[in-house]
Amino acid sequence: MSERLRRAVCPGSYDPVTLGHLDVVVRAAALYDEVVVAVLHNPAKQGTFTVPERVAMVEAAVAAAGVATGVRVEAFADRLLVDVCRDVGAQVVVKGVRAGGDVAYELPMALMNRHLTGVETVFLPGEPSLGHVSSSLVKEVVRYGGDVTGLVPEPVRGALEERLRG
Ligand code: PNS
């Protein structure tokens, strides 16, 4: 039997990480030997948070979730996901899918990635209680004064309020 490590990539913009993202990363960590959380970004596009801020928020959230080993967070600029997978030695991409449009959005990307290098994508059903949570929606809610407690890690909620409410 092969002793090869089973390594998965959980890709995303993570601008910022939500509890929906975190749920998928923690579940992926239970399924694979190693998980690389890949913070993918386009330097030409300004996000709400800088890339080092995003990485630090994911690292803190993973540590607070009690996942001590097997998960690392890395940033990649202007890269194809398939090249990231090849560089880190991952055989699999893990993505969460919420009810609604996620499958329609994710399926062509999964098929394109398999077309490019053969890398497979494993979809995990998103936790139903977080089915309405996305980085863009929580930012909009915070910007206009709403409460996102229970939707993002607490330090992220504080950072969002500081950044978006000035
Ligand atoms: O959190 P997001 O914005 O939904 O994540 C999308 C992301 C970053 C995973 C996706 O845009 C991606 O894989 N980008 C890397 C560039 C790439 O490989 N594009 C072709 C995908 S078929």
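A.B. asks: Give a detailed account of the layout of surface pockets, specifying residues and quantitative values.
C.D. replies: As a volume, the largest pocket reaches approximately 1300 Å³. In terms of lining, the largest pocket is formed by 48 residues, of which the most central are Pro11, Gly12, Ser13, Lys95 and Tyr105. Listed by contribution, the elements that provide at least two residues to the lining of the largest pocket are β1 (7–12), α1 (19–31), β2 (34–41), β4 (92–97), α4 (102–117), β5 (120–125) and α5 (135–143). Looking at the lining of the largest pocket, the element that brings in the most residues is α4, giving eight residues. A class-by-class count of the residues in the lining of the largest pocket yields 19 nonpolar, 17 polar and twelve charged.

A.B. asks: I'd like to hear about the sheet that holds β1, residue by residue, with values.
C.D. replies: The sheet built from five strands is open, its strands ordered β3-β2-β1-β4-β5 with parallel pairing. With partners counted over all chains shown, the strands left at the sheet margins are β3 (71–77) and β5, one partner each. Strand-to-strand, the axes of this sheet are offset by a mean angle of 30 degrees, without reference to chain direction. One ladder, built from seven bridges, connects β2 with β3; its direction is parallel. By the bridge assignment for β3, Ala38 is matched with Glu74. On top of the sheet, α1 reaches β1, β2, β3, β4 and β5; it is set at about 120 degrees to β5, its chief contact. Its contacts with the sheet put α4 on β4 and β5, and the angle it makes with β4 is roughly 175 degrees.

A.B. asks: Report on the side chain of Lys139, specifying residues and quantitative values.
C.D. replies: Looking at where Lys139 falls in the secondary structure, it is placed in helix α5. What makes Lys139 buried here is its relative accessible area of 13%. Here Asp15 takes part through its backbone oxygen, which lies 2.8 Å from a polar atom of the side chain of Lys139.

A.B. asks: Quick one: what's the story with the site of the ligand, residue by residue and with numbers?
C.D. replies: The full set of residues close to the ligand is Pro11, Gly12, Ser13, Leu40, Arg79, Leu80, Leu81, Lys95, Tyr105, Met109, Met112 and Asn113. A distance of 2.6 Å is found between an oxygen atom of the ligand and a side-chain nitrogen or oxygen belonging to Ser13. Take Leu81: an N or O atom from its main chain is 2.8 Å from an oxygen atom of the ligand. Relative to its free-state accessible area of 540 Å², the ligand is covered by the protein chains to the extent of 69%. Counting atoms within 2 Å of the grid points, the majority share of the ligand lands in the largest pocket. Elements that contribute at least two residues to the shell around the ligand include exactly β1 and α4. With four residues, α4 is the single largest residue contributor to the shell around the ligand. Here the shell around the ligand is built from residues that sort into seven nonpolar, three polar and two charged.

Reading the values: rules and limits
Residues numbered from 1 in each chain as written. Predicted model: local features only at pLDDT ≥ 70, side-chain atom pairs only at ≥ 80, totals over all residues. Heavy atoms only, no water. 1 Å grid on protein atoms, 1.4 Å probe; cavity = no way out; pocket = protein on both sides within 12 Å on 5 of 7 lines; lining within 4 Å. Points joined across faces, edges and corners; volume = space filled by probe spheres on them. Helix = DSSP H or I, 4+ residues; strand = E, 2+ residues; numbered from the N terminus. Nonpolar A, V, L, I, M, F, W, Y, C, P; charged D, E, K, R; others polar. Pairing = 2+ DSSP bridges. Axes fitted to C-alpha atoms, helices over the stretch in contact; angles between N-to-C directions. Contact = heavy atoms within 4.5 Å. Buried < 20%, exposed > 50% of the residue type's maximum accessible area, 1.4 Å probe, protein only. Polar contact = N/O pair within 3.5 Å; in protein donor to acceptor, adjacent residues only side chain to side chain. Near = heavy atom within 4 Å. Areas by Shrake-Rupley, 256 points an atom, 1.4 Å probe, with all protein chains shown as cover. Sits in = over half its atoms within 2 Å of the grid points.

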